[in-house]
Amino acid sequence: MKKAIFALSAILLASPVFAADTTTHVSDEAVAKAHEGADTAKEKLHKAENKGDELKLKAKHAAEGKKDSTGSKVSEGTQKAWHKTKEGSEKAWDKTKQGAEDLKNKVTE
């Protein structure tokens with residue numbers, strides 16, 4: 001009888017450990033999906049913002065009568081390049097943060 005009580009106590013004491021491991025695994029997957037969703041949302045937001053900026057600049061050039069000038073085309077091209085550079089560096093930074101977070105979680109486990 002003592003052995004049965006001891007075994008049952010050991011199982012009950014160990015059960016939160018097993019449950020925590022399963023929960024952690026599921027939450028890691030949920031976090032990964034959340035990161036993907038956030039990245040997609042950020043990308044869509046930036047595209048919309050960038051498109052708005054490009055349209056504003058084109059409208060400004062049209063209002064000034066510089067729509068087809070070389071200077072306006074250069075500044076519009078520069079703006080597009082800047083937006084792509086900014087998006088690329090932000091994506092890289094997000095991946096770095098996510099990688100560091102994943103590494104931290106693995107180390108703490």
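Below or above, wherever it landed, is the structure these notes cover.

Each value, and the rule that gives it
Residues numbered from 1 in each chain as written. Predicted model: local features only at pLDDT ≥ 70, side-chain atom pairs only at ≥ 80, totals over all residues. Heavy atoms only, no water. Salt bridge = Lys/Arg side-chain N within 4 Å of Asp/Glu carboxyl O. Helix = DSSP H or I, 4+ residues; strand = E, 2+ residues; numbered from the N terminus. Buried < 20%, exposed > 50% of the residue type's maximum accessible area, 1.4 Å probe, protein only.

Here the focus is the pattern of salt bridges. Pairs may arise between side chains of opposite charge once their charged atoms sit close together. For the structure shown, the criterion picks out seven salt bridges. With a shortest N-O distance of 3.0 Å, Asp94 and Lys42 are connected by a salt bridge. A residue pair is termed long-range when its members are at least 10 positions apart, and Asp94 in helix α2 (residues 70-108) and Lys42 in helix α1 (residues 2-63) qualify at 52 residues. A salt bridge links Glu64 to Lys66; the nearest nitrogen and oxygen atoms lie 3.5 Å apart. Overall, Glu64 belongs to the partly exposed group, its relative accessible area being 42%. Judged by its relative accessible area of 41%, Lys66 is partly exposed. Look at the salt bridges and you will find they share partners, linking Lys42, Glu90, Asp94 and Lys97 into a network.

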